[in-house]
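Coordinates in review
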Amino acid sequence: MKKVFESDIQPFKMCENIYFVGSTKVSVHIIETDEGLVMLDTGYPDMYEQILNSMEALGLDPKNICAIFHTHGHIDHFGCTEKFKKLSGAKTYISRIDNDIVNGKLDLSWAKELGLPTPSFFDCDVLIEDGDCFSFGNVTIRCRLTPGHTDGVLSFFITVPSSSKSLVAAMHGGVGLNSMTTPFLTAYNLPFTCRDTFRNGLHALADERVDIVLGNHPQQNDTQGKLNKVLSGESIVDHDEWVKFLTATECAFDHELKNGL
Ligand SMILES: [Zn+2]
């Protein structure tokens, strides 16, 4: 019998320690570590059951989540945080800057824009600064501030322990141009300089050596294509994909700027 809450992307193990449990709407990842499971983003508020089912299908116990990291403070990335925290007792992490969105000080959660009710607000336990690094036994998560999409977007660089040498999986935490449009910035009285900081962030990240590209939304890293690769026994390690992704993102950005973003 088909489960009611099923993702439209089959949950799958992407590599040694990283699992995809999100949907086409937004990515949610689980990182397996010596110290428990680390969750990257928690999806839209209506995704709780789906994520639980996806984790169950992969043999991951949600009660073992020890940490929840957020790429940024938009509702599609923190929608189920409180539920997963309640279930597991996990510590929650976000940039110090975007904590002011999830705690409601700043009205920038995008709930209104996405047609969702005002979320219940909360403070995260750990407020991340640029360059902070967190170790969970055999896995390290390094955080870089890459503002633009919000002021406190974090990009993550995650070690993937491998039998040969350890690899790096990375995710840019927010490349959507929707929060950098003229109508949005004007409506919320936000500075247009966020567009320059966004571009600078793309350039800064190009120096990173990345072996596996994770997507904040599945369209960013062709998650479905990666699933197909995994299903056919192929590796998703690709040393060129990161820089290609950053370049394509900047090209799309330039195109939109030309069209009056
Ligand atoms: Zn966002």
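Described below are features of the structure shown in this document. Residue numbers here run from 1 along each chain, matching the order of that chain's written sequence. This being a predicted model, a pLDDT of at least 70 is required before a residue's local features are given, and a value of 80 or more before pairs of side-chain atoms are given or counted; all residues contribute to the totals for chains, interfaces and linings.

Thoughts on helix α8 (residues 241-258)
Note the following rule: Each helix is a run of H or I in the DSSP string that is no shorter than four residues. Each strand is a run of E no shorter than two, and both are numbered from the N terminus. By this rule, a helix spans an expected 1.5 Å times one less than how many residues it contains. Each residue is classed by its C-beta neighbour count within 10 Å, where at least 20 other C-beta atoms makes it buried, 12 or fewer makes it exposed, and intermediate counts make it partly exposed; the C-beta atoms are placed from backbone geometry. The arc under discussion is defined with respect to the helix axis, by the directions toward the C-beta atoms. A pair of residues counts as a contact when their C-beta atoms, built from backbone coordinates, are separated by no more than 7 Å.
Its 18 residues place the ends of α8 26 Å apart at the C-alpha level, agreeing with the 26 Å of an ideal helix rising 1.5 Å per residue. Residues of α8 that are buried: Trp242, Phe245 and Leu246. Buried residues of α8, seen end-on, are gathered within an arc of 95° and therefore sit on one face of the element. Relative to its buried face, α8 has exposed residues pointing more than 90 degrees away, namely Lys244, Thr247, Ala248, Cys251, Asp254, His255 and Lys258. Where the residues of α8 are buried, they touch β11 (167-171), α6 (194-205) and β12 (212-214).

Topic: the sheet that holds β12
Our working definition: Two strands qualify as a pair provided DSSP detects at least 2 bridges between them. In this analysis an axis means a line fitted to C-alpha atoms, helices contributing only their contacting stretch, and an angle means the value between N-to-C directions, from 0 to 180 degrees.
One open sheet holds the 5 strands; their spatial order is β8-β9-β10-β11-β12, and the pairing between them is mixed. One side of each edge strand has no neighbouring strand; the edge strands of this open sheet are β8 (133-136) and β12. Between one strand and the next, the sheet's axes are offset by a mean angle of 20°, whatever the strand orientation. Pairing geometry for β8 and strand β9 (residues 139-145), over 4 bridges, is antiparallel. Counted as the bridge partner of phenylalanine 134 is isoleucine 141 from β9.

Side note on unusual backbone geometry
Not every positive phi belongs to a glycine, and tryptophan 110 is a case in point at roughly 70°. Among the structural elements, tryptophan 110 can be located in the loop between α4 (96-102) and β7 (126-128). Given 21 C-beta atoms within a 10 Å radius, tryptophan 110 is considered buried. Despite not being glycine, asparagine 189 shows a phi value in the positive range, around 55°. For asparagine 189, a count of 6 C-beta atoms within 10 Å puts it in the exposed group.

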